[in-house]
Amino acid sequence: MSLFYAASTGGFYDDAVHSVMPDDVVKITAQMRSDLLLGETRSLVIVADADGNPVLEAPEIDLESQAHRERMWRDGEIEDVKWLRERHRDELEMSSDTTLTNEQYQALLTYLKDLRDWPQSEQFPNEQARPEQPDWIALQVR
């Protein structure tokens, strides 16, 4: 059994299954096919290089789609952390000890503001310029 990739169809072929294959097939390993398919699950696309061999690339995304994706990311980030703000407020209203320090709470509020302001940033929608979540947030337990 041998595996192949054809740039003309963007498909994989197995000579144990396919008796007819495109003229441009190139032989690949089972590991290479697995790696390529895994890359697709990570939003990469399979394309052919100059020799017809399959490689992974980040897809080209138009600006509107990129902005939409960044807004969705931002909205998800806000949803993921606002429970911390609510817990802190509840603890204050109950006059109990707070889980967050005042500095952490201020950092959380700053992060939430940065997230809300992200679409108005000059660097929006550049994924590399996203607001950074304070490290300690990942250590909090729901």
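Here goes a summary of the coordinates provided. (Residues numbered from 1 in each chain as written. Predicted model: local features only at pLDDT ≥ 70, side-chain atom pairs only at ≥ 80, totals over all residues. Heavy atoms only, no water.)

Here we take up the overall build of the protein. On a plain count of helices and strands, the protein comes out with three helices and five strands. Listing every helix and strand of the protein by position from the N terminus yields β-β-β-α-β-β-α-α. Against the globule reference of 14 Å for 142 residues, the protein gives a C-alpha radius of gyration of 24 Å, more extended than a compact globule. The 142 residues of the protein split such that 32% are buried. Sequence-distant contacts, at least 24 apart, represent 45% of the contacts inside the protein between residues at least 6 apart. Total accessible area on the protein is roughly 9700 Å²; 48% of this is exposed by carbon and sulfur atoms. (Helix = DSSP H or I, 4+ residues; strand = E, 2+ residues; numbered from the N terminus. Rg over C-alpha atoms; globule rule 2.2 N^0.38 Å. Buried < 20%, exposed > 50% of the residue type's maximum accessible area, 1.4 Å probe, protein only. Contact = heavy atoms within 4.5 Å. Areas by Shrake-Rupley, 256 points an atom, 1.4 Å probe, with all protein chains shown as cover.)

Before going further, it helps to spend a moment on the sheet that holds strand β2 (residues 11–14). Read from one edge of the open sheet, three strands run β2-β1-β3, paired in antiparallel fashion. The sheet is open, and its two edges are formed by β2 and β3 (25–28), each paired on a single side. In this sheet, neighbouring strand axes are inclined to one another by 35 degrees on average, regardless of whether the strands run parallel or antiparallel. (Pairing = 2+ DSSP bridges. Axes fitted to C-alpha atoms, helices over the stretch in contact; angles between N-to-C directions.)

To continue, consider the pattern of salt bridges. According to the stated counting rule, one finds seven salt bridges in the structure shown. For the salt bridge of Arg130 with Glu70, the shortest nitrogen-to-oxygen distance reads 2.8 Å. You can see Arg130 sitting in the segment after α3 (102–117) and its partner Glu70 sitting in helix α2 (residues 63–93), a full 60 residues away along the chain. The class for Arg130 is partly exposed, based on a relative accessible area of 21%. (Salt bridge = Lys/Arg side-chain N within 4 Å of Asp/Glu carboxyl O.)

Here we take up the environment of Ala107. Tracing the backbone shows Ala107 in helix α3. Sequence separation between Ala107 and Pro54 is 53 residues, and the spatial gap between their C-alpha atoms is 45 Å. Residues in contact with Ala107, not counting those within four places in the same chain, are Pro134 and Trp136.

In a regular helix each residue adds 1.5 Å, so twelve residues correspond to 16 Å; helix α1 (residues 30–41) covers 17 Å between its end C-alpha atoms and thus fits that length. Ser43, located one to two residues past α1, shows a positive phi value of around 70 degrees. (Expected span 1.5 Å × (residues − 1).)

Glancing now at the side chain of Glu91. Along the polypeptide, Glu91 turns up in helix α2. For Glu91, a relative accessible area of 12% gives the class buried. Polar side-chain contacts of Glu91 include one of 2.6 Å to the side chain of Thr99. Ignoring anything within four residues of it in the chain, the contact list for Glu91 reads Ser96, Asp97, Thr98 and Thr99. (Polar contact = N/O pair within 3.5 Å; in protein donor to acceptor, adjacent residues only side chain to side chain.)

Another point: the pairing of strand β4 (residues 45–48). With four bridges joining them, β4 and strand β5 (residues 54–57) adopt antiparallel strand pairing. Counterpart to Val45 in the pairing with β5 is Glu57. Remark: five residues form the turn of the hairpin made by β4 and β5, two consecutive strands paired antiparallel; Gly52 in that turn has positive phi of roughly 90 degrees.

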